[in-house]
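# Summary of structural features
Here is what each chain is made of, one letter per residue.
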Amino acid sequence: MKKGLLHHIEIYVSNIEQTTEFWGWFLEELGYTSYQEWESGHSWILDDTYIVFVQAEEKYLEPSYHRCRVGLNHLAFHASSRRDVDELTDKLKERGVAILYSDKHPFAGGDNYYAVYFEDPDRIKVEVVAPE
């Protein structure tokens, strides 16, 4: 195991069913596999890193998540190519997922930064970026 490699991320969500549906297909597109599942949560793993989603308790649902508050801003994933970003963008659109910064897509991050940006059901921003 390489020192410093991310072990896991755990994210509390407002609706585990919506989250599981959204993140399941997306993470599996990236090569993750379902890892753990229980009544209030689900995780997916790729190599030695896994991502966990857990249903937040009712008393913690307000205020809802916003990426500009203190805490997580977004999650960014590697794509293997620009073509992968394009294919994923098409699949997102087919699923009715809005592409953020669509007026600048796929160069919203800059002239040499090829990526797609979108949000999950809780409005957590997600980015998938192609290698330079």
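In this report, we go over the structure that sits alongside the text. Keep in mind that what you see is a predicted model, and the values were worked out from it rather than measured. Residue numbers run consecutively from 1 along every chain, following the written order of its sequence. Side-chain atom pairs in this predicted model are given and counted only at pLDDT of 80 or more, local residue features only at pLDDT of at least 70, and totals for whole chains, interfaces and linings cover all residues. To obtain the side-chain values, all non-hydrogen atoms of the structure were used and water was disregarded.

### A closer look at the packing of aromatic side chains
Stacked, tilted and edge-to-face are the three classes applied to pairs of Phe, Tyr and Trp rings, where Trp contributes its six-membered ring and a pair requires centres within 6.5 Å; stacked means planes under 30 degrees apart, edge-to-face means over 60, and tilted covers the rest. Summed over all chains, the structure comprises 13 aromatic pairs. Measuring from ring centre to ring centre gives 5.4 Å for Phe26 and Phe118, while their planes differ by 80°; the resulting arrangement is edge-to-face. In this pair, Phe26 sits in helix α1 (residues 16-29) while Phe118 sits in strand β6 (residues 115-119), placing the two residues 92 residues apart along the sequence. Like Phe26, the residue Phe118 is buried in the burial classification. Ring pairing ties together the aromatic residues Phe22, Trp23, Trp25, Phe26, Tyr32, Trp44, Phe53, Phe77 and Phe118, which thus form one cluster. Per the convention used, a helix needs a DSSP run of H or I reaching at least four residues, while a strand needs a run of E reaching at least two, with both numbered from the N terminus. Residue burial is assigned from relative accessible area. The probe radius is 1.4 Å, only protein chains are included, and a residue is buried under 20% of its type maximum, exposed over 50%, and partly exposed in between.

### Remarks on the sheet that holds strand β5 (residues 74-78)
When DSSP finds two or more bridges between two strands, those strands count as paired. On the basis of which strands lie adjacent, the open sheet formed by three strands has the order β5-β7-β6 and mixed pairing. At either margin of the open sheet sits one strand with a lone partner, and together these are β5 and β6. Direction aside, the axes of adjacent strands within the sheet are offset by 20° on average. Both β6 and strand β7 (residues 125-129) contribute to a ladder of five bridges, which runs antiparallel. Each bridged residue has a counterpart across the sheet, and for Ala115 the counterpart in β7 is Val129. By definition, residues are in contact when any of their heavy atoms lie within 4.5 Å. Lines fitted to C-alpha atoms define the axes, with helix axes restricted to the stretch in contact, and inter-axis angles between N-to-C directions lie between 0 and 180 degrees. α1 rests against β5, β6 and β7 of the sheet, and its axis sits at about 25° to β5.

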